[in-house]
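Structural description and commentary
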Amino acid sequence: MNPGSEGWWRRLSADGLSPRAEAMIIAVARLFAAALGIVVPIVLVRALDQTEFGQYKQVFLVVTTLAAVLSFAMPASLYYLVARYPNAGPSFLAQTFVVLCAAGALAGVSIHAAAPLFAGFVHTEARDILMWSTVLAALSVPAALLPIAPAVERRARLAGLVIAGSDLARGVAMVAAALVFGTVASVLAAAAVIALLATLAVAAYLVWSRRRARLERGNLAEQFRYCAPMAAASYVGLAREQYHAFYVGAAFSPAQFAVYSVGTMNVPLIGQVS
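Nothing here was measured: the structure is a model prediction, and the numbers come from that model.

1. Points about the environment of Gln 256
Mapped onto the elements, Gln 256 comes out in helix α12 (residues 254-263). Distance from Gln 256 to Gly 54, taken between C-alpha atoms, is 7.3 Å for residues 202 residues apart in sequence.

2. What about the packing of helix α5 (residues 89-113) against helix α7 (residues 127-143)?
At a closest axis distance of 6 Å, the pairing of α5 and α7 adopts a crossing angle of 160 degrees. On the basis of the axis angle, α5 is roughly antiparallel to α7. You can see that α5 and α7 cross each other, and the crossing is right-handed. Mapping the contact onto sequence places Phe 97, Leu 100, Cys 101, Ala 103, Gly 104, Ala 105, Ala 107, Gly 108, Ile 111 and His 112 in α5 and Leu 130, Ser 133, Thr 134, Ala 137, Ala 138, Val 141 and Pro 142 in α7. Counted by class, the contact of α5 with α7 contains twelve nonpolar, five polar and no charged residues.

3. Details of the pattern of salt bridges
Per the stated rule, a full pass over the model turns up four salt bridges. Its salt-bridge partner being Glu 153, residue Arg 155 comes within 2.4 Å of it at the nearest N-O pair. Take Arg 155: its relative accessible area is 14%, and that puts it in the buried class. Of the charged contacts in the structure, one is a salt bridge between Glu 241 and Arg 240, with a shortest N-O distance of 3.2 Å.

4. A few points about the packing of aromatic side chains
One pass over the structure, following the stated rule, counts eight aromatic pairs. Plain terms: the ring middles of Phe 53 and Tyr 56 are 5.5 Å apart, the flat faces sit at 45 degrees to each other, and that makes the pair tilted. Residue Phe 53 and its partner Tyr 56 are both found in helix α3 (residues 50-70); the two are separated by three residues, about one turn of the helix. Relative accessible area serves as the criterion here: at 2%, Phe 53 is assigned to the buried category. Measuring from ring centre to ring centre gives 5.5 Å for Phe 257 and Tyr 260, while their planes differ by 35 degrees; the resulting arrangement is tilted. Highlighted residues: Phe 257 and Tyr 260, both in helix α12, separated by three residues, approximately one helical turn. In this structure, Phe 257 and Tyr 260 share a single accessibility class: buried. Ring pairing ties together the aromatic residues Phe 53, Tyr 56 and Phe 60, which thus form one cluster.

5. Quick word on the packing of α3 against helix α10 (residues 184-209)
Closest axis-to-axis distance for the α3/α10 pair is 9 Å, and the angle between their directions is 35 degrees. Crossing hand, α3 versus α10: right-handed. Counted together, Glu 52, Gln 55, Tyr 56, Val 59 and Phe 60 of α3 and Val 184, Val 187, Leu 188 and Ala 191 of α10 form the full contact between these two elements. Within the contact of α3 with α10, the residues separate by chemical class into seven nonpolar, one polar and one charged.

Here is what the cut-offs are and how they apply
Along each chain, residue indices are assigned from 1 in the same order as the chain's sequence is written. Note on the predicted model: pLDDT of at least 70 is required for a residue's local features to be given, and 80 or more for side-chain atom pairs to be given and counted; whole-chain, interface and lining totals, by contrast, use all residues. Hydrogens are left out, water is left out, and the side-chain values use all remaining heavy atoms of the structure. Put simply, DSSP marks the helices as runs of H or I at least four residues long and the strands as runs of E at least two long, and each gets a number from the N terminus on. Here the axes come from fitting lines to C-alpha atoms, over the contacting stretch only for helices, and the angles between their N-to-C directions go from 0 to 180 degrees. Here the angle decides the label: under 35 degrees means roughly parallel, over 145 means roughly antiparallel, 65 to 115 means roughly perpendicular, and every other value means oblique. Helix crossings fall into two classes, left-handed where the near helix is turned counterclockwise from the far one by less than a right angle and right-handed where it is turned clockwise. Working rule for contacts: check all heavy atoms of both residues, and any pair within 4.5 Å makes them a contact. Under the scheme applied here, ten amino acids are nonpolar (Ala, Val, Leu, Ile, Met, Phe, Trp, Tyr, Cys and Pro), four are charged (Asp, Glu, Lys and Arg), and all others, including Gly, are polar. Salt bridges are defined as contacts in which a side-chain nitrogen from Lys or Arg sits within 4 Å of a carboxyl oxygen from Asp or Glu. Burial status follows relative accessibility: with a 1.4 Å probe on protein chains alone, a residue under 20% of its type maximum counts as buried, one over 50% as exposed, and anything between as partly exposed. Any pair of Phe, Tyr and Trp rings, taking the six-membered ring for Trp, is counted once the centres come within 6.5 Å. Such a pair is stacked with planes under 30 degrees apart, edge-to-face with planes over 60 apart, and tilted for the rest.

What follows is the structure in structure tokens.
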């Protein structure tokens, strides 16, 4: 880096903001990401035909559900654990990334091993859709740590940039793939590439910011103890929110699921503001 860019990076990654300023930066970034979450499906529903849009929604339903289950609430636990044990923060972040990489691999293996069941759910046996769904599932789990890692270390400027930038990059990539190629597989491939870049960015951030991170058995046990009840509660909420979508996806055609998914699209603005 030249001196100017190094100074810019130091200012971006520095902490020391007031809690109010940190909250405002994160809130604005999350509102921007929420807006993208509304705009991207609106574009995709017009770029893909109705059946392919339904398949896209079915694949992402499976992938996001697997990621939520297998992550075991570990990313969310960092907000508490890093604040309570600041000296052990590097260890908690490093071990979370390792566990999430393993969980992501398990998610990918699960889709591949259950290929007939997965193909029946999305109503297609296309190999490219199965392949990119497997890759996306494997990478989505560790990639979820990208916006959380700087946030828990109170690098709010960097966290806000990452939240907004990563969602913008994924949205642009998916929309571009849909407009150029017009297939579900291309949209999944674009999302998988962005997830790969996000995972590599997490690894780079940990290498850059972790001066003495070590994996310690005691810290891992402490994190699992904290995560267990929180994960159990999240599974109850996940079942309440997603069981109907799985039922509709299995019982009806992708074209019908496309109509259902658009009609039940949730805009969690209150949650984003809070």
